[in-house]
Amino acid sequence: MEEEGGHGVDMEALVRRLRLHRPGPSPYEPSDAVAPAPGAGELFRPRRAAVLVCLFRGAGGELRVILTKRSSSLSTHSGEVALPGGKAEEGDADDAATALRESKEEIGLDPALVTIVTSLEHFLSKHLLVVVPVVGILSDIQAFKPALNVAEVDEIFDVPLEMFLKDENRTSDELEWMGQPFALHHFTYEKGNDKYIIWGLTAGILIHAASVVYQRQPDFPDKRAQFNLPKYSKECCSMPSGPVKH
């Protein structure tokens, strides 16, 4: 990670480098080459979503990432920590458009303030949603005036990105799904009297994002798996969840 005069991250150099990043091919792209077997039902076509990994330089020069705490009234993932983002809609031009639209809707982030630099490899949510992390740089954090959509978001906060490479305040569960073992990580972040648990898909995306940004592997084993999507809709089942650590 380049530094500028000892004052932290050189954001311009980071933007140039991340624009050169190319994620590997997605293992979750549906194949049109498979013909439905008689009586097997419809081919499974996963829905797509995008989340914004929005980075900015903190007061100490460190890279920080914006997170939300989802509304406790939501029907799914209520009260959990998440990256801003959501499901793709027909009018979205691409994954970046999805991530920016959802971020504006959820936390009032003006897309004009964000420089999109790259996308990362695709993840699979426990409900079989293909999630594309989109990395954006917020060069002027002071210009961002949060406006929370209270129907979706209870809180907005930020954490240092590098924490997701450190084996501190972290636990993990060893799980298995579709015959693939994987690790479900939980990170604890405390600020004043507030305590946040960052886990599951969000933690996995941030571990990977931090590895790309800092160009190094985490200080702990990150057992990830590429799952085989079901061929037919009726074969779908949700991924197991480990217990949330407090």
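Residues numbered from 1 in each chain as written. Predicted model: local features only at pLDDT ≥ 70, side-chain atom pairs only at ≥ 80, totals over all residues. Heavy atoms only, no water.

### So, the overall build of the protein
Scanning the protein from N- to C-terminus turns up 3 helices and 11 strands. Element order for the protein, N to C, with α for helix and β for strand: α-β-β-β-β-α-β-β-β-β-β-β-β-α. Counting the 246 residues in the protein, one finds 46% classified as buried. At a minimum sequence separation of 6, the contacts of the protein that also span at least 24 residues come to 68%. Accessible surface computed for the protein: about 12500 Å², of which carbon and sulfur atoms make up 48%. (Helix = DSSP H or I, 4+ residues; strand = E, 2+ residues; numbered from the N terminus. Buried < 20%, exposed > 50% of the residue type's maximum accessible area, 1.4 Å probe, protein only. Contact = heavy atoms within 4.5 Å. Areas by Shrake-Rupley, 256 points an atom, 1.4 Å probe, with all protein chains shown as cover.)

### Thoughts on the sheet that holds strand S10 (residues 180–191)
If you walk across this open sheet you meet the 3 strands as S9-S10-S11, and the pairing is antiparallel. Edge positions in the sheet fall to strand S9 (170–177) and strand S11 (194–199), since each of these pairs with one other strand and no more. Strand-to-strand twist across the sheet, computed as the mean angle between neighbouring axes with direction ignored, equals 20 degrees. Bridging between S10 and S11 involves 6 bridges; their strand directions are antiparallel. Following the sheet pairing, Lys191 is matched in S11 by Asp194. (Pairing = 2+ DSSP bridges. Axes fitted to C-alpha atoms, helices over the stretch in contact; angles between N-to-C directions.)

### Regarding the packing of aromatic side chains
For any pair of aromatic rings, the description rests on two quantities: the centre-to-centre distance and the angle between the ring planes. Evaluated as defined, the whole model comprises 3 aromatic pairs. Taken together, a centroid distance of 3.8 Å and an interplanar angle of 10 degrees make the contact between Phe157 and Tyr196 stacked. A residue pair is termed long-range when its members are at least 10 positions apart, and Phe157 in strand S8 (residues 153–160) and Tyr196 in strand S11 qualify at 39 residues. Here Phe157 and Tyr196 have matching classes, each one buried. Chaining the aromatic ring pairs together yields one cluster made of Phe164, Phe187 and Phe220. Across the ring face of Phe220, the terminal group of Arg170 is positioned such that the distance to the ring centre comes to 4.2 Å. (Phe/Tyr/Trp six-rings, centres within 6.5 Å; stacked < 30°, edge-to-face > 60°. Lys NZ or Arg CZ within 6 Å of the ring centre and 35° of its normal.)

### So, the pairing of strand S7 (residues 130–138)
Side-chain direction in a regular strand flips from residue to residue, so the side chains alternate between the two faces of the sheet. Counting buried positions over the 9 residues of S7 gives 9, a clear majority of the element. Residue alternation in S7 divides its side chains into two sets, Val130, Val132, Val134, Gly136 and Leu138 and Val131, Pro133, Val135 and Ile137, and both sets are buried. Judged from the 8 bridges that link them, strand S1 (residues 48–57) and S7 form a sheet pairing that is parallel. Within S7, the position partnered with Ala49 by the bridge is Val131. Sheet topology note: the strand S5 (residues 114–119)/S7 ladder contains 5 bridges and is antiparallel. Bridge pairing in S7 links Thr118 to Val135.

### Considering helix H1 (residues 11–18)
Along H1, the residues that are buried comprise Met11, Ala13, Leu14, Val15 and Leu18. Here H1 starts with a cap whose side-chain oxygen sits 3.2 Å from the backbone nitrogen of Glu12, and that cap is Asp10. (Polar contact = N/O pair within 3.5 Å; in protein donor to acceptor, adjacent residues only side chain to side chain.)

### A short note on helix H3 (residues 200–214)
End to end, H3 covers 21 Å across 15 residues, agreeing with the expected 21 Å (1.5 Å per residue, within 8%). Where H3 ends, the next residue or the one after it, Gln215, has phi of about 55 degrees, a positive value. (Expected span 1.5 Å × (residues − 1).)

### Describing the confidence of the model for the protein
Should the pLDDT be low somewhere, the predicted coordinates at that spot are not to be read in detail. Across the protein, pLDDT averages 86, with 81% of residues at or above 70. Throughout residues 1–6 the model reports pLDDT below 50, and contacts reaching past four residues in sequence, or to other chains, amount to 14 contacts. (pLDDT = per-residue confidence, 0-100.)

### Digging into the environment of Asp110
Counting through the fold element by element, Asp110 comes out in the loop between helix H2 (95–107) and S5. Under the relative-accessibility criterion, Asp110 is labelled partly exposed at 37%. Separated by 36 residues in the primary sequence, Asp110 and Pro146 place their C-alpha atoms 9.3 Å from one another.

### Thoughts on the nonpolar core
Counting 41 residues, the largest nonpolar core has Leu161, Phe164 and Ile198 as the members making the most contacts within it. Of all the secondary structure elements, the ones that give two or more residues to this core are H1, S1, strand S2 (63–70), S7, S8, S10, S11 and H3. Broken down by element, this core gets its largest block of residues, 9 residues, from H3. Residue contacts for Leu161: discarding those within four places in its chain leaves Leu55, Leu63, Arg64, Val65, Leu206, Ala210, Val213 and Tyr214. By size, the runner-up hydrophobic cluster in this structure holds 14 residues, among which are Ile66, Ile107, Leu109 and Leu138. (Core = buried A, V, L, I, M, F, W, Y, C linked by side-chain atoms within 4.5 Å.)

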